[in-house]
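Breakdown of the fold
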Amino acid sequence: MQALLDAGAAAVVNTSTTPLAEEVKRLTGGKGARIIFDPVVGPQLPALCEAAADRGQVFLYGALGGIDAPFPLLQALTKNLTLRTYQLGLITTDEEKLERAKRWILERLENGQLKPTIAKVFPFDQIVAAHEYMESNAQVGKIVVSVP
């Protein structure tokens, strides 16, 4: 959690020890989060929607939780939530959008606005160790495999 705070997070909620919606409402003075990004889209989706503000937006852009995510109909209706989906193919399959995205990223890497966090670098011959490290979920930042 400290690594996230060090990276600039205003607050971090450990959902294994703290009820998400309760803590988000406390942090936002009872309002809830206006925008929620969910790369997992799994069983926690109803809790995320419960943590959302009225007329909040929930962006779903992953499937790490599997394909059977519960749809939080009651929260969506009572809070007038907007649930949007996104997949990288929306940009990577459109040459103009892809070039614009690459330019945007490269410019910000060059001027220092984007500063990627590298957790660990593995030589290519340690690819198994790199994968095991990734599976451990102990990293904060990206895992890099260097190719000779």
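As the structure is a computational prediction, the values presented were derived from the model and not from experiment.

Conventions adopted
- Residues numbered from 1 in each chain as written.
- Predicted model: local features only at pLDDT ≥ 70, side-chain atom pairs only at ≥ 80, totals over all residues.
- Heavy atoms only, no water.
- Salt bridge = Lys/Arg side-chain N within 4 Å of Asp/Glu carboxyl O.
- Helix = DSSP H or I, 4+ residues; strand = E, 2+ residues; numbered from the N terminus.
- Buried < 20%, exposed > 50% of the residue type's maximum accessible area, 1.4 Å probe, protein only.
- Pairing = 2+ DSSP bridges.
- Right-handed = clockwise from strand over helix to strand, strands pointing away.
- Contact = heavy atoms within 4.5 Å.
- Phe/Tyr/Trp six-rings, centres within 6.5 Å; stacked < 30°, edge-to-face > 60°.

Time to look at the pattern of salt bridges. Pairing between side chains of opposite charge can happen when their charged atoms approach one another. Here the structure, examined in full by the defined rule, presents 5 salt bridges. A salt bridge links Lys102 to Glu99; the nearest nitrogen and oxygen atoms lie 3.1 Å apart. You can see Lys102 and its partner Glu99 sitting in helix α6 (residues 95-110), 3 residues apart, about one turn around the helix. The partner of Glu107 in a salt bridge is Arg108, with the nearest N and O atoms 3.7 Å apart. A relative accessible area of 43% means that Glu107 is categorised as partly exposed.

Okay, the pairing of strand β5 (residues 142-146) next. With 5 bridges connecting them, strand β4 (residues 118-123) and β5 associate as parallel partners. Its bridge partner lying in β5, Pro123 is registered against Ser146. In this fold, the crossover linking β4 to β5 by way of helix α7 (residues 127-136) has right-handed handedness.

Secondary-structure assignment places Arg55 in strand β2 (residues 52-60). Arg55 gets classed as exposed once you look at its relative accessible area, which sits at 64%. The residues contacting Arg55, other than those within four sequence positions of it, are Lys79 and Asn80.

What follows concerns the packing of aromatic side chains. Evaluation of the coordinates by the stated rule reveals 3 aromatic pairs. Residues Phe37 and Phe59 carry aromatic rings whose centres are separated by 5.3 Å and whose planes lie at 15° to one another, so their mutual orientation is stacked. On the criterion of sequence distance, the pair formed by Phe37 in strand β1 (residues 33-38) and Phe59 in strand β2 is long-range, its members being 22 residues apart. Of the residues examined, Phe59 reaches a relative accessible area of 21% and is grouped as partly exposed. Between Phe122 and Tyr133, the aromatic rings sit 5.8 Å apart at their centres with planes inclined by 50°, giving tilted as the arrangement. Highlighted residues: Phe122 in strand β4 and Tyr133 in helix α7, separated in sequence by 11 residues.

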